[in-house]
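Letter by letter, the chains look like this.
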Amino acid sequence: MASPRRKIACVLGIVLVAASINAPAEAKGKVRLSDQWRQYVAAPQHREVAPVRVLTTTGDVTNPDGLLRGKPTTLSRPVPAPKPAWPGGTSATASSFHDPNTDNGQPRTYVPGNAVDGNTTTFWNDANADTYPAVLTITSPQPVALPGITVLSNSDGVPQDFGVETWDSSAWKPAGTVTGNSSVRRQVPFTAPVTTSQVRITVTKNQAAGKGNYTRVNEVWPGLVPDEPIASVTLDFGQVVVGYPKFDFAGSSGTRPGIRLAFSESQQYLSDVSDYSRSGVGTDQYVVPAAGGKWTDTKSCQFGTKVCAEGLHGFRYMKISLDALPGDAPEANPYGTVEIRRATLDFTAFLGTPNTFKGTFLSSDANLNKYWYDASYTNELGTDTFRATDVDPRNAASPTLEGKLVLHDGAKRDRDPYVGDIAVAGRTAYLTHDVSEAASNVLADLADHQRADGFLPPASIFDYTLKLFEYPLYWVTSSWDHVLYNGDVDFARKYYPHLTKLLDGWYPSVTDAKGLLSKGLNGTGDYGDYAFLPRTGEVTYYNALYVQALDNASRIAETLGQHADADRWEQRARAVSVAINANLWDPAVGAYLDSATGPVRHGQDGNSLAIVAGVAQGARATSALNYLSTATWQPYGNSFMDNNTLVGDGTQRVYAFTSYQELQARFLTGQAGSALEEIGRLYGWMSAHDPGRTHWEGIGAGGSLYQGGFTSAAHGWSTGVLPALTNGLLGVTPTGPGFSTWTLRPQPGGVQWAQGEVPTPHGPIKVSWEQGSTFRLTVEVPRGTTAQLRLPLTAGNARGGETVLQPGTHEITVRNP
């Protein structure tokens, strides 16, 4: 027979007395939670995802809204007029040009002659970003009569301000000036026709671009080439989606008309090429048959090595253009007529519908609810099957991961599983859906590729040879998370030898006489970190993470009965903590130094992790967080550095990845109010700015995507708001494998009420609380688990209280002073 619920009342400031009720989880009176959380779920309802609106059209387009209703939309374009050409033997020189390189396995050059070779897919690229003037000089073997010229530029290197001069056999004469240009094709009419053998273009400013502000000129035509609007339709899918674009073509003119597809996560970087392209071409190509038919965009070429497509894309906006690459002729032509019935997406990622959620969250703050479910959706976009055809091309394909469910870092790029990202994305996954194998598959694969010296690769890219100094420590912390949230002790047992080889082999080889990790030892000078930062020596962030990893490893060892290892690692963690406090604390500002080497600066990552790992406690923890509040504040979050001595934009760059560590630190030290305020700035900014919903890889100056169009606007490592709210605000955190033990420590801040369900191997934990004149808490403790309860501190409560809750349903009411 089920035991009735009991009410426990006490005045805060007096030791809490609570009843332990040995009632089964299925007892009557169990916690009932509202299902209003369902309205915040962001994932599409079906795997075939349709656009929600037509954003723009150009050129000759009939019935563009038909694409939203399954009615034919027609794109038409006449045969373009021939372009004027320079005389044979025309050459070009420049003030500088970029070194050649390889793009998707194909050698490319950026020499000045590319601007006069008649091929619009090649271009001149100056050598250095933001270097002016950039000068291109064209020399013809014979005089040419010019009413003006037309400059065709690259969409990510548009000359904004430039002047044109012509040579009159004795001196350069001004012929035209352009300011504020934003057009890829720009006519420059001369004040009067000129006959000349030389033309000089001097660029003094370029349009801001995600790939660096270089001057890029694809072609300069000797004459005024009229605009020929390309027939195009740009579709908005309402939020970032990921998968394979699908088309139902009603037919075409039969003249081999080409379709080019460009994709972007934001309107700012939406152009005639994609904001990020794995192939480097920038668009996906297809020739529409006269009879039409259905086509799914997969990584393939339609005609041998011509008319090729990348396949999978992560995007919000898709631009469909009736156009073709010059190199795809004669198989594809940039003219004709194409009829399209539908354009949709085959969604490949985990489809997080309301019925798939195992964990939920709901509160009196609608914004927090939105951020929680948007974080889940961001993570779902990266929860996908590993496919060699879809990953970043940097030699990341791995036969040992092929076909397995993994946590990619981003929907658009890199589409590789990094262990540092799993440190956040793994928790997000465990608290939302039954997809724990997405993290464990990656953790196991990285361990299987451990180096002989004990170092663990951070990802599969470069055939598992990427060197990131601190990322193996995230393998340790993520492995303990996997055990904590899922109870997978067998995983810990299988990979325990890899753990000991890492912590007792490789990391001691980069430890100095002070007992601190020191980047540069043992040939690690060229190792990067999560942001490829040029840090050296004793770095607080690396060492605080080391303490956390050692503590987590000690817990794994205890779980497996390896008590000697557990004691040794715990002692080492304490010794490193002492060394951090002795050598890296800066009393002048009351915060930890970023590094003991080089200019004085203080990092968000090191100060936050020092608190999370228990290195900083009491007054030091409070002081460090107060310093971050004042020295790193931005309207879109807290920057990851307090000055620009490490990188030029340190005070403007915000990472949600390291901000999660700060949010953890604030909740752990009872600063729920400041944690929620920071969440509001950081996640509120991303929610309110294009593309909306999803959480960005990084934020830069003025709240922009920090690396322009290259930035991933849906990145799993930025979803820390979800575990922060579940663990910190709602208050449920595992402390033993599979939630065998867990803490319940609600921290409401200014939130009036919250409720949620937390999945465990023993069944769900259900929690509901509200505050007013009383603080009322109801919790359902699953059989096989034990909870340690600590009620929130208030201004009138100096001690609070703790008690143990056994399985059953508990209702607790506390009068607030």
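Here, the structure is the one placed above.
Parameters at a glance
Residues numbered from 1 in each chain as written. Predicted model: local features only at pLDDT ≥ 70, side-chain atom pairs only at ≥ 80, totals over all residues. Heavy atoms only, no water. Helix = DSSP H or I, 4+ residues; strand = E, 2+ residues; numbered from the N terminus. Rg over C-alpha atoms; globule rule 2.2 N^0.38 Å. Buried < 20%, exposed > 50% of the residue type's maximum accessible area, 1.4 Å probe, protein only. Contact = heavy atoms within 4.5 Å. Areas by Shrake-Rupley, 256 points an atom, 1.4 Å probe, with all protein chains shown as cover. Core = buried A, V, L, I, M, F, W, Y, C linked by side-chain atoms within 4.5 Å. Disulfide = S-S within 2.5 Å. Expected span 1.5 Å × (residues − 1). Arc of directions from axis to C-beta. Pairing = 2+ DSSP bridges. Phe/Tyr/Trp six-rings, centres within 6.5 Å; stacked < 30°, edge-to-face > 60°. Lys NZ or Arg CZ within 6 Å of the ring centre and 35° of its normal. Salt bridge = Lys/Arg side-chain N within 4 Å of Asp/Glu carboxyl O. Axes fitted to C-alpha atoms, helices over the stretch in contact; angles between N-to-C directions. Left-handed = near helix turned anticlockwise from the far one by under 90°. Nonpolar A, V, L, I, M, F, W, Y, C, P; charged D, E, K, R; others polar. Parallel < 35°, antiparallel > 145°, perpendicular 65-115°, else oblique.

When you go through the protein residue by residue, the secondary structure sums to 15 helices and 40 strands. In terms of overall dimensions, the protein is globule-like: its C-alpha atoms have a radius of gyration of 30 Å, near the 28 Å expected for 817 residues. In terms of its C-alpha atoms, the protein occupies a principal-axis envelope of roughly 95 × 60 × 50 Å. Buried positions account for 59% of the 817 residues belonging to the protein. Across the protein, the fraction of contacts at a sequence separation of at least 24, relative to all contacts at a separation of at least 6, is 71%. With an accessible surface of roughly 29,500 Å², the protein has 51% of that area assigned to carbon and sulfur atoms.

What follows concerns the nonpolar core. With 155 residues, the main nonpolar core has Trp475 and Tyr530 as its most contacted residues. For this core, the element with the highest residue contribution is helix α9 (residues 540-559), accounting for 11 residues. Once residues within four sequence positions are removed from consideration, Tyr530 is found in contact with Glu470, Tyr471, Arg535, Tyr541, Asp605, Phe640, Tyr655, Phe657, Thr658 and Trp717. Counting residues in hydrophobic clusters, the runner-up holds 40 residues, among them Val241, Ile259, Leu345 and Leu351.

Following the criterion strictly, the structure yields one disulfide and no others. Sulfur-sulfur distance for the disulfide between Cys301 and Cys308 comes to 1.9 Å. When the S-S torsion is 105°, as for the bridge of Cys301 with Cys308, the disulfide is right-handed. Classification of Cys308 by relative accessible area gives partly exposed; the value is 23%.

Below, the discussion takes up helix α10 (residues 563-583). Here α10 contains 21 residues, and its C-alpha end-to-end distance of 30 Å stays within 8% of the 30 Å for a straight helix at 1.5 Å per residue. Of the residues making up α10, those classed as buried are Asp565, Ala566, Trp569, Ala573, Val576, Ser577, Ala579 and Ile580. For α10, the arc enclosing every buried residue in end-on projection is 165°, short of the 170-degree limit, so these residues lie on one face. Exposed and oriented more than 90 degrees from the buried face of α10 are Ala564, Gln571, Val578 and Ala582. In this structure, the buried residues of α10 make contact with α8 (496-506), α9, β27 (585-586) and β28 (591-592).

So, about the pairing of strand β12 (residues 172-178). Two strands pair when backbone bridges link them, and strand β11 (residues 159-167) and β12 are joined in this way by six bridges, in the antiparallel orientation. Following the sheet pairing, Val164 is matched in β12 by Gly176. A loop of four residues connects β11 with β12, the two strands running antiparallel in sequence, and Ser169 in this loop sits at a positive phi of about 85°.

Glancing now at the packing of aromatic side chains. All chains considered together, the criterion is met by 42 aromatic pairs. When the ring of Phe455 is compared with that of Tyr527, the centres are 5.6 Å apart and the planes differ by 85°; the resulting orientation is edge-to-face. One end of the pair, Phe455, is in the loop between α4 (437-448) and α5 (461-464); the other, Tyr527, is in the loop between β26 (519-522) and α9, and 72 residues separate them in sequence. For the pair formed by Phe455 and Tyr527, the shared burial category is buried. With 5.5 Å between their ring centres and 75° between their planes, Tyr655 and Tyr706 make a pair best called edge-to-face. Of this pair, Tyr655 sits in the loop between β30 (637-638) and α13 (656-668) while Tyr706 is found in the loop between β32 (704-705) and α15 (721-730), placing the two residues 51 residues apart along the sequence. As far as burial versus exposure is concerned, Tyr655 and Tyr706 are alike and both buried. If you follow Lys83 out to its NZ or CZ, it ends over the ring of Trp221, 5.6 Å from the centre.

Next up on the list: unusual backbone geometry. Along the chain, Ala329 connects to Pro330 via a cis peptide bond; the corresponding omega equals 0°. For Pro330, the position within the fold is in the loop between β21 (313-322) and β22 (336-347). Of note, the bond from Arg413 into Asp414 is cis; its omega dihedral lies within 30 degrees of zero at 0°. Tracing the chain through its elements places Asp414 in the loop between β25 (405-407) and α3 (419-430). Positive phi is not limited to glycine here, since Asn63 has a value of about 55°. When you line up the elements, Asn63 lands in the loop between β4 (60-62) and α1 (66-69). Despite not being glycine, Asn522 has its phi angle at roughly 55°, a positive value. Looking at where Asn522 falls in the secondary structure, it is placed in strand β26.

Within the secondary structure, Asp481 sits in helix α6 (residues 471-486). Leave out the neighbours within four places in its chain, and Asp481 touches Ala423, Arg427, Tyr430 and Asn486.

Right, let's talk about the pattern of salt bridges for a bit. This structure, assessed with the given rule, holds 39 salt bridges. Arg53 is the salt-bridge partner of Asp236, the closest N and O atoms lying 2.7 Å from each other. Taken together, the positions of Asp236 in strand β15 (residues 232-252) and Arg53 in strand β3 (residues 53-58) put the pair 183 residues apart, joining distant regions of the chain. Note that Glu697 is salt-bridged to Arg413, the shortest N-O span being 2.8 Å. Here Glu697 is found in the loop between α14 (672-688) and β31 (699-700), whereas its partner Arg413 is found in the loop between β25 and α3, with 284 residues between them in sequence.

Below, the discussion takes up α13. Helical geometry note: an α-helix holds 3.6 residues per turn, so side chains three or four residues apart project in the same direction. Look at α13: 18 Å from first C-alpha to last across 13 residues, which is about the 18 Å you get at 1.5 Å a residue. Counting buried positions over the 13 residues of α13 gives 12, a clear majority of the element. Residues of α13 that are buried: Ala656, Phe657, Thr658, Ser659, Tyr660, Gln661, Glu662, Leu663, Gln664, Ala665, Arg666 and Phe667. Remark: Gly670 follows α13 within two positions and exhibits a positive phi of approximately 80°.

What follows is about the packing of helix α11 (residues 604-612) against α13. Running from N to C, α11 and α13 point in directions that differ by 40°, and their axes come no closer than 8 Å. Note that α11 runs across α13; the crossing there is left-handed. Two secondary-structure elements touch here, α11 through Gln604, Asp605, Ser608, Leu609, Ile611 and Val612 and α13 through Thr658, Ser659, Gln661, Glu662, Gln664, Ala665 and Leu668. Here the residues of the contact of α11 with α13 sort into five nonpolar, six polar and two charged.

With that out of the way, let us pick up the pairing of strand β20 (residues 306-309). As paired strands, strand β19 (residues 300-303) and β20 are joined by three bridges and run antiparallel to one another. Its bridge partner being in β20, Cys301 is matched across the sheet by Cys308.

Looking at the element boundaries, Thr166 is found in strand β11. A relative accessible area of 5% places Thr166 in the buried class. Those residues in contact with Thr166 that lie beyond four places of it in its chain are Ala171, Trp172, Lys173, Ala175, Phe190, Val194, Thr196, Gln198 and Val199.

Here we take up the packing of α11 against helix α12 (residues 618-631). Packed helices, taken two at a time, are described by their axes: the angle between them and the distance between them. One can describe the packing of α11 onto α12 by two numbers: an axis separation of 10 Å at closest approach and a directional angle of 150°. Judged by the inter-axis angle, α11 sits roughly antiparallel to α12. Note on packing geometry: the crossing formed by α11 with α12 is left-handed. Counted together, Gln604, Asn607, Ser608 and Ile611 of α11 and Ala621, Ala624, Leu625 and Leu628 of α12 form the full contact between these two elements. Partitioned by chemical class, the residues of the contact of α11 with α12 number five nonpolar, three polar and no charged.

In this section: the environment of Gly314. When you line up the elements, Gly314 lands in strand β21. The buried category is assigned to Gly314, whose relative accessible area is 6%. Counting along the chain gives 278 residues from Gly314 to Gln36, while the straight-line C-alpha distance between them is 29 Å. Residues in contact with Gly314, not counting those within four places in the same chain, are Val241, Val242, Glu265, Ala411 and Lys412.

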